[in-house]
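Per-entry structural report
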There are 2 protein chains.
Amino acid sequence: MSEEMKLPKRSEDFSEWYNQLVLRAELADYAPVRGCMIVRPYGWAVWENITAALDRRFKATGHVNAAFPLLIPRSFIEKEKSHVEGFSPELAVVTHGGGEELEEPLVIRPTSETIIGHAYSKWIQSYRDLPLLINQWNSVVRWELRTKLFLRTLEFFWQEGHTAHATAEEAEAETRQMLDVYTDFAVREAAVPVIPGRKSAAERFAGAEQTYSIEAMMGDGKALQAGTSHNLGQNFAKAFEIRYLDKTGVLQHCWTTSWGLSTRFIGAIIMVHGDDQGLILPPRLAPYQIVIVPIYKTDEEKASVLETAQRLRRELVDAGIRVKLDEREGMSPGFKFNDWEMRGVPLRMELGPKDVAKGSVVLARRDRPGREGKSFVPQQGIAAAVAQALEEIQKALYERALAFRQANTADPADYAAFKQAVEKGFAYSWWCGGAGCEEKIKDETKATMRCIPAEDPISGQSAPQAGGAAKCIYCGAAAQEKAIFARAY
Amino acid sequence: MSEEMKLPKRSEDFSEWYNQLVLRAELADYAPVRGCMIVRPYGWAVWENITAALDRRFKATGHVNAAFPLLIPRSFIEKEKSHVEGFSPELAVVTHGGGEELEEPLVIRPTSETIIGHAYSKWIQSYRDLPLLINQWNSVVRWELRTKLFLRTLEFFWQEGHTAHATAEEAEAETRQMLDVYTDFAVREAAVPVIPGRKSAAERFAGAEQTYSIEAMMGDGKALQAGTSHNLGQNFAKAFEIRYLDKTGVLQHCWTTSWGLSTRFIGAIIMVHGDDQGLILPPRLAPYQIVIVPIYKTDEEKASVLETAQRLRRELVDAGIRVKLDEREGMSPGFKFNDWEMRGVPLRMELGPKDVAKGSVVLARRDRPGREGKSFVPQQGIAAAVAQALEEIQKALYERALAFRQANTADPADYAAFKQAVEKGFAYSWWCGGAGCEEKIKDETKATMRCIPAEDPISGQSAPQAGGAAKCIYCGAAAQEKAIFARAY
């Protein structure tokens, strides 16, 4: 941070608060190419922690990683009808290589179903080769017009899982399993409450039979799709001839899935947890879980404070806690406090000469500014005290975000109430399932159908059965399912 | 492996042995775009272990990771004179995005000095911002004409470190430190002996003041450049205006470095350690360090063998050993032996009913085929025995590779002997330093100047001082330095 300037107030200009926070916390920066992003070391360290948390879950559910090329023949994109319609307008096209014009233009992958489908058609021969469960960590390019750091950029970083199965049932089970994995990750690692559910036909991935997503409420009440899982049926298997000999010797098409979660999720963490002082990171994903700020005036004080600080730092490191000791010279403690608050370090340890004398430290929680979040803690047993504080912060962040979502999710009685509800948050409403109503709601309120959850997000119980009385919030016709509507990023 | 077929003999057709090994061990596959590569899960698991071993070393030396965009404005490449000459012929050019022709064509990064230079010019203001030590893991695209899986492909995976410093000395120290890191990695993790040294002007990176490399001898006596570290001087700092205010308030250009190691290194591992049966992986990088192959005929035998196998597997996993229990049905133990030999698993455990009865197992070392590499080991204390065997294999692989290189590195008495030496391996010869001699040697023998090592690779002592008697192996003029010449990949 070169300048100690205040952020715009989150409650007054959410969008500009977000933009400036991303830059000032040094999470990301604009690239020289319009719409592209540089993820700076601090932002990338968050992504590395996200990566580790997800990768562990992918491997525990039997997946392995691989790497497929970023260049795809343009003709591949055209093999699956819905896919080409969805992605054609967004392609980056390579026309020249090695100084010559290419015979066939190549596209930079917007997603890898096609090139992976091609590989699977070579690799899969028999039912013994199934299921094939592969993930890759990479970046993809989609030519977006309106961009915003982390949320929508021309190039973004993500993982894309691609699996092939012998039956429709297995593919559907995989699709839902990965939605569960994303939900578990969001809740437990990022402290971001999410609503998992099924997408409408209009909101499906281009080429999918069924798309599921996790939807999170941002601090301004808008929805953010934070991860998606697609059951691709046999669409790509037929387009790319992914076939296997079953146990009876009959040649069958496979059933495939794909699922992805991207650096967009960092945007969700910012917009769910951040405050007027800057970022607040959930302890489990924070690059530094605690920062130690030494406070001294004289050289003598400095020597004894730093000695204690280094000892405490070592104790915390040995306990597996990610700690930063801020020894920078020529900066006031207050400047350092602001700096680490901007960067969202969950816990701060203040250590001055009096603390050294008393054998104690001050711990200050990032999620509770001011005196309320401060406590005096003995140096003896510091690692256990810090670990406990971090757990409490992790829990408190989740509970606060959940309470905010509950307070801003309505079950509106009629369309007038619905319109009010989506001004400030989510509406959970019966819907006839018609694309016409979905479209009109969007035109009139800017709210889109986010997902049809299996669980009622207000009560936490199973979603209600329709019964005879359930009517579409828009047209009043009989409704079978209750959906989340919201304005979305 | 769909077919149990023999590889071509390594001694008879090294090139085809390599190509088929890569495919049959399922390390990589050809992509639909000419010259591109799919790294399959088994190959990627090796790369993940390489990544972890290097990343640990980078972080221990103060580096952090970040992500810079893959699209670079073409004009950026043209800002550094030597850089554009080196890379222009190899660029992949994006001319269209989102259905429209771009105003300025973009290139897919062939390396990232330019775009990172641009970012550094924004981020670096003062001496307090230095040194800036950033690495990224990504892929780059260079339009190569002759390609070979892992060794030379249009797209390849690597890490590229980019640092900026206040002084020439610090930049040189960083450049050499990273060469040491690569050397340490190659020797200790990959069991690949390497010769670190300085490149000639002709072999330098496009835009570097000084390039260092590690050079390894492959099983056919050829050299492979396995990692490079470049001191870029102020070339990129001047081209991109990377400047800082020094402590006296004077604006100075920075001194920058870059360094990289790629999936090419997997090719080195294959060509250094592999044999006629396939791959041999160094234990520290092997995805599976040991495979357990259960042997049984009756259902009763199967039950007791598998029960013991699972118990032993658990003991090994708990000891942090990467283990695969091959429970595949309908395949003979002999087929499984061949399969895992092809994939280079360093150690095999054979477990049959007699072993269960006796409380022992058979351990078979991959690096010593046949009876010589087999031993009977008690099940009691299996984890310690396996860990020790793995250490022995790691050591033996290194020693064998080093002995092979020693046997094939000559200090030829004259140019006639030199020509013979580079037919089968390395020549370590005095050289006048002239680009003319270097060029003629290349034309006449196909051998290139690999590097000028600081240490004599034959004696292991410091490189000899020239003295008056040292004459260039080609022209006979006075020589100042002794260089490695070899045919190279």
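Please read these numbers as outputs of a predicted model, since none were measured by experiment.

Our focus in this paragraph is the relation of the copies chain A and chain B. Superposing chain A onto chain B takes a rotation of 180° plus a shift of 0.0 Å along the axis, which leaves an RMSD of 0.0 Å. This pairing of chains is accounted for by a two-fold axis. Relative to the rotation axis, the C-alpha of V94(A) is the closest in chain A, positioned 2.1 Å from it. Of the interface residues in chain A, 100% have counterparts in chain B that sit at the interface too, so the contact is made through matching surfaces.

Our focus in this paragraph is the confidence of the model for chain A. In the predicted model, chain A carries a mean pLDDT of 96, and 99% of its residues have values of at least 70. Reported for the predicted complex are a pTM of 0.97 and an ipTM of 0.96.

Moving on to helix α6 (residues 168-188) of chain B. Residues and elements named next belong to chain B. Here α6 is 21 residues long and its end C-alpha atoms lie 30 Å apart, about the 30 Å a rise of 1.5 Å per residue gives. Within the sequence span of α6, burial applies to A171, E174, T175, M178, L179, V181, Y182, F185 and A186. Take α6 and look down its axis: the buried residues cluster within an arc of 150°, on one side only. Where α6 is buried, its residues contact α2 (41-60), β8 (155-165), β9 (195-198), β10 (210-217), β11 (223-231) and β14 (255-262).

This next bit is on the domain arrangement of chain A. Interface size, as often reported, equals the accessible area lost upon joining of the parts. For chain A, the domain assignment lists domain 1 (14-273), domain 2 (290-404) and domain 3 (409-486). A C-alpha centroid distance of 46 Å is found between domain 2 of chain A and domain 3 of chain A.

What follows covers the interface of chain A and chain B. Taken residue by residue, the interface counts 43 residues in chain A and 43 residues in chain B. In terms of residue count, strand β5 (residues 92-97) of chain A provides more of the side of chain A that touches chain B than any other element does, six residues in total. For the side of chain A that touches chain B, the per-class residue count stands at 28 nonpolar, ten polar and five charged. Bridging between β5(A) and strand β5 (residues 92-97) of chain B involves five bridges; their strand directions are antiparallel. Looking across to β5(B), one finds that H96(A) is bridged to V93(B).

All names here are of chain B. Across the sheet, which stays open at both edges, the eleven strands sit in the order β3-β7-β8-β14-β11-β10-β9-β22-β23-β21-β20 with mixed pairing between neighbours. Each edge of the open sheet carries a strand with a single partner, namely β3 (64-65) and β20 (409-410). In the sheet, strand β21 (residues 426-431) pairs with strand β23 (residues 481-486) via five bridges, with the strands oriented antiparallel. Considered in β23, the bridge of W430 is made with K482. The strands touched by helix α5 (residues 113-123) within the sheet are β7 (132-141), β8 and β14, with β8 carrying the most contacts at an inclination of about 30°.

Another aspect to go through is the environment of S375(B). All names here are of chain B. Tracing the chain through its elements places S375 in strand β19 (residues 374-378). C-beta crowding within 10 Å serves as the criterion here: with 14 such atoms nearby, S375 is assigned to the partly exposed category. Spatially, the C-alpha atoms of S375 and G467 are 54 Å apart, while their sequence positions differ by 92 residues.

What follows covers the packing of helix α9 (residues 299-318) of chain A against helix α12 (residues 382-407) of chain A. Residues and elements named next belong to chain A. One way to put it is that α9 packs onto α12 with a least axis distance of 9 Å and a crossing angle of 60°. Relative to α12, the element α9 is oriented oblique. Crossing hand, α9 versus α12: right-handed. Here α9 contributes L312, E315 and L316 to the contact with α12, which in turn contributes I382, A383 and V386. Here the residues of the contact of α9 with α12 sort into five nonpolar, no polar and one charged.

Residues A216(A) and A216(B) are the most contacted members of the largest nonpolar core, which totals 296 residues. The residues touching A216(B), leaving out its near neighbours within four places in the chain, are A186(B), V192(B), P193(B), V194(B), L224(B), A226(B), A268(B) and V272(B).

The two faces of a sheet get side chains in turn, since along a regular strand they alternate between them. Residue and element names in this part refer to chain A. With four of five residues buried, strand β17 (residues 347-351) is to be regarded as a mostly interior element. With four bridges connecting them, β17 and strand β18 (residues 360-365) associate as antiparallel partners. Counterpart to L347 in the pairing with β18 is R365.

Moving on, we come to the sheet that holds strand β6 (residues 100-108) of chain B. The strand order β4(A)-β6(A)-β5(A)-β5(B)-β6(B)-β4(B) describes an open sheet built from six strands, whose pairing is antiparallel. Only two strands of the sheet have a single partner each, and these edge strands are β4 (71-73) of chain A together with β4 (71-73) of chain B. Going from strand to strand, the sheet's axes swing by 45° on average, the running direction of each strand aside. Pairing of β4(A) with strand β6 (residues 100-108) of chain A involves three bridges; the strand directions are antiparallel. Of the residues in β6(A), the one forming a bridge with L71(A) is I108(A).

Reading the values: rules and limits
Residues numbered from 1 in each chain as written. Chains lettered and ligands numbered in written order. Predicted model: local features only at pLDDT ≥ 70, side-chain atom pairs only at ≥ 80, totals over all residues. Least-squares fit on C-alpha atoms with pLDDT ≥ 70 in both. Contact = placed C-beta atoms within 7 Å. pLDDT = per-residue confidence, 0-100. Helix = DSSP H or I, 4+ residues; strand = E, 2+ residues; numbered from the N terminus. Expected span 1.5 Å × (residues − 1). Buried ≥ 20, exposed ≤ 12 C-beta atoms within 10 Å, placed from the backbone. Arc of directions from axis to C-beta. Domains from an automatic or database assignment. Nonpolar A, V, L, I, M, F, W, Y, C, P; charged D, E, K, R; others polar. Pairing = 2+ DSSP bridges. Axes fitted to C-alpha atoms, helices over the stretch in contact; angles between N-to-C directions. Parallel < 35°, antiparallel > 145°, perpendicular 65-115°, else oblique. Left-handed = near helix turned anticlockwise from the far one by under 90°. Core = buried A, V, L, I, M, F, W, Y, C linked by C-beta atoms within 7 Å.

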